[in-house]
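Spelled out from the first residue to the last, the chains are:
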Amino acid sequence: MSLIRSVADDSLRVQSLPGLREQVAERLRMAIATGRFQPGARLIERELCEMLGVSRTSLREALRELQADGLITLQPNKGLSVSVVTPEIARSIYEVRAALEGLAARLFARNASDAEVKALRQSVNHLADVYEDFSADAFIAAKTRFYDILLKGAGNEIAADMLKRIHTRASQLRVVSLSSAERAKQSIRELREFLDALEARDEDLAYRLCVAHIEAAASAALKSIGPVSGS
């Protein structure tokens, strides 16, 4: 039996052919990240083809991409399902994310133009607006914009590529970590302090504030999904 939430509208349907695999993969990523497809949900090709309005060939290409990203898992004799993020995996994701984003923070403080610093602050202001009228889709779009600016300003393509993969794995945890209104407000305060350090071109402080922000997000997420084994 499928565990995927029923979808009454056409929001998942892919509308155009160019870059079809990428479109299908992105629709599925968003459905997983926003909780429309719950952890552990079986992914039945026939149902997904109907939801997305695509062929099985296109769907399978996209599913292989998501499997490589770690968002879906192939289970023997059961087929594909949405990956379950255990507390242990979540902690590992946040540890790697903190190391890489800390580096990106240092590089942004060093390399970003004044225009990129301004654009980053504007993206945080937009995030604050999204928190006031929260929706998972709007939040993910706003956070993606924030990271696009941060990574471009950092100027390290290898770090950017690695972080994008980590962010894909962390996508299920982002909304969980902000399920508390108080955590959302604290997150904005942390980001604004981080921006002050970037504007001052203080690499060390930017690094410390960035890592502290991620550690706070990790703590909130881990409280929501359960304790780590042995802790």
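Residues numbered from 1 in each chain as written. Predicted model: local features only at pLDDT ≥ 70, side-chain atom pairs only at ≥ 80, totals over all residues. Heavy atoms only, no water.

### Section: the pattern of salt bridges
Argument step 1. Summed over all chains, the structure comprises 16 salt bridges.
Argument step 2. The partner of Arg60 in a salt bridge is Glu45, with the nearest N and O atoms 2.9 Å apart. Residue Arg60 is located in helix α3 (residues 56-69), and its partner Glu45 is located in helix α2 (residues 45-52); the two are separated by 15 residues in the primary sequence.
Argument step 3. The partly exposed category is assigned to Arg60, whose relative accessible area is 38%. (Salt bridge = Lys/Arg side-chain N within 4 Å of Asp/Glu carboxyl O. Helix = DSSP H or I, 4+ residues; strand = E, 2+ residues; numbered from the N terminus. Buried < 20%, exposed > 50% of the residue type's maximum accessible area, 1.4 Å probe, protein only.)

### Focus on the packing of helix α4 (residues 87-111) against helix α6 (residues 136-154)
Argument step 1. Relative orientation of the contacting elements α4 and α6 amounts to 60 degrees, with a least axis distance of 7 Å. Comparing their axes, α6 and α4 come out oblique. Seen from above, α4 lies across α6 with left-handed handedness. Contacts between α4 and α6 pair Arg97, Glu101, Ala104, Leu107, Phe108 and Asn111 from the former with Lys143, Tyr147, Ile149, Leu150, Leu151, Gly153 and Ala154 from the latter.
Argument step 2. A class-by-class count of the residues in the contact of α4 with α6 yields eight nonpolar, two polar and three charged. (Axes fitted to C-alpha atoms, helices over the stretch in contact; angles between N-to-C directions. Parallel < 35°, antiparallel > 145°, perpendicular 65-115°, else oblique. Left-handed = near helix turned anticlockwise from the far one by under 90°. Contact = heavy atoms within 4.5 Å. Nonpolar A, V, L, I, M, F, W, Y, C, P; charged D, E, K, R; others polar.)

### Topic: the packing of aromatic side chains
Argument step 1. Considering all chains together, one arrives at three aromatic pairs under this definition.
Argument step 2. Arranged with centres 5.1 Å apart and planes meeting at 80 degrees, the rings of Phe146 and Tyr147 form a pair that is edge-to-face.
Argument step 3. With a relative accessible area of 2%, Phe146 lands in the buried category.
Argument step 4. Owing to a relative accessible area of 4%, Tyr147 belongs among the buried residues under this scheme.
Argument step 5. Taken together, Tyr131, Phe134 and Phe139 form an aromatic cluster joined through their ring pairs.
Argument step 6. It is Arg106 that lies over the ring of Tyr207; its NZ or CZ is 4.7 Å from the centre. (Phe/Tyr/Trp six-rings, centres within 6.5 Å; stacked < 30°, edge-to-face > 60°. Lys NZ or Arg CZ within 6 Å of the ring centre and 35° of its normal.)

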